[in-house]
Amino acid sequence: WTFAVERSASADTGNAKEGPGEEISLSALYVFRAVGGKLARILMMPLRATRADAELSDSFETSVTQDSVGVLQFERTIKNGVYPDGVKERTRRGHLRWNGKRLVLGP
């Protein structure tokens, strides 16, 4: 059997003396499998992240779905701030396949 955990963290580098800084947040997916009475990590994938300051921000968000037995499909949308007020967006897709020990990036 397997189970998944999502972990999140965030930070703000601004302070009262120097003013606003960057705001950063990250969420990652961890998937574990029971092997011989212990847990083995079979996947760690960043799901979403943002980095923003007073002028620009960058972010990505990932969705994961099951494609077939032993195969996960993911799609990541990446947004980059472009000075002065634009956003450049692109999408990446891929598959994760079970190789007997862990999920690995594959065709």
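Note that the structure is a prediction, hence the values are computed from the model and not measured.

Student: I'm lost on the pattern of salt bridges in this one. Help?
Tutor: Where side chains of opposite charge bring their charged atoms close, a pairing between them can arise. The full count for this structure, using the stated rule, is 4 salt bridges. Residues Arg93 and Glu75 are paired through a salt bridge, measuring 2.9 Å at the closest nitrogen-oxygen approach. On the criterion of sequence distance, the pair formed by Arg93 in strand E6 (residues 86-98) and Glu75 in strand E5 (residues 71-82) is long-range, its members being 18 residues apart. What you see here is one network of salt bridges that share partners, running through Glu22, Arg51 and Asp58.

Student: Looking at this structure, I do not really get the environment of Thr2. What am I missing?
Tutor: Mapping Thr2 onto the fold places it in strand E1 (residues 2-12). When its relative accessible area of 48% is taken as the criterion, Thr2 is described as partly exposed. Taking C-alpha positions, Thr2 is 6.9 Å from Val31, a pair spaced 29 residues apart along the chain. Excluding residues that lie within four positions of it along the chain, Thr2 makes contacts with Val31, Phe32, Arg33 and Ile42.

Student: Help me understand the sheet that holds strand E3 (residues 38-52), please; the structure alone is not making it clear to me.
Tutor: The strands that make up a sheet are held in pairs by hydrogen bonds between backbone atoms, and each pair lies either parallel or antiparallel. The 7 strands lie next to each other as E1-E2-E3-E4-E5-E6-E7, forming an open sheet whose pairing is antiparallel. Whereas interior strands pair on both sides, the edge strands pair on one side only; in this sheet they are E1 and strand E7 (103-106). Looking at each pair of strands side by side, their axes are set apart by 25 degrees on average, direction ignored. Pairing analysis gives 11 bridges linking E1 to strand E2 (residues 23-35), with the strands arranged antiparallel. Note on E2: the bridge partner recorded for Ala11 is Ile24.

Student: What is the right way to read the environment of Glu23 from this model?
Tutor: When you line up the elements, Glu23 lands in strand E2. Aside from chain neighbours lying at most four places away, what touches Glu23 is Ala11, Asp12, Thr50, Arg51 and Ala52.

Each value, and the rule that gives it
- Note that residues are indexed from 1 along each chain, following the sequence as it is written.
- pLDDT decides what is reported in this predicted model: residues at 70 or higher carry local features, side-chain atom pairs at 80 or more are listed and counted, and totals for whole chains, interfaces and linings draw on all residues regardless.
- Note: side-chain values were computed over all heavy atoms of the structure, leaving out hydrogens and water.
- Here, a salt bridge means any Lys or Arg side-chain nitrogen found within 4 Å of an Asp or Glu carboxyl oxygen.
- Numbered from the N terminus, helices here are DSSP runs of H or I no shorter than four residues, and strands are runs of E no shorter than two.
- Each residue is assigned to one of three classes by its accessible area relative to the maximum for its type, calculated with a 1.4 Å probe on protein chains only: buried under 20%, partly exposed between the two thresholds, exposed over 50%.
- Two residues qualify as a contact provided that any one of their heavy atoms is within 4.5 Å of a heavy atom in the partner residue.
- Strand pairing is assigned whenever DSSP identifies at least 2 bridges connecting the two strands.
- Geometry is summarised by axes, namely lines fitted to C-alpha atoms with helices restricted to the contacting stretch, and by angles between N-to-C directions that run from 0 to 180 degrees.

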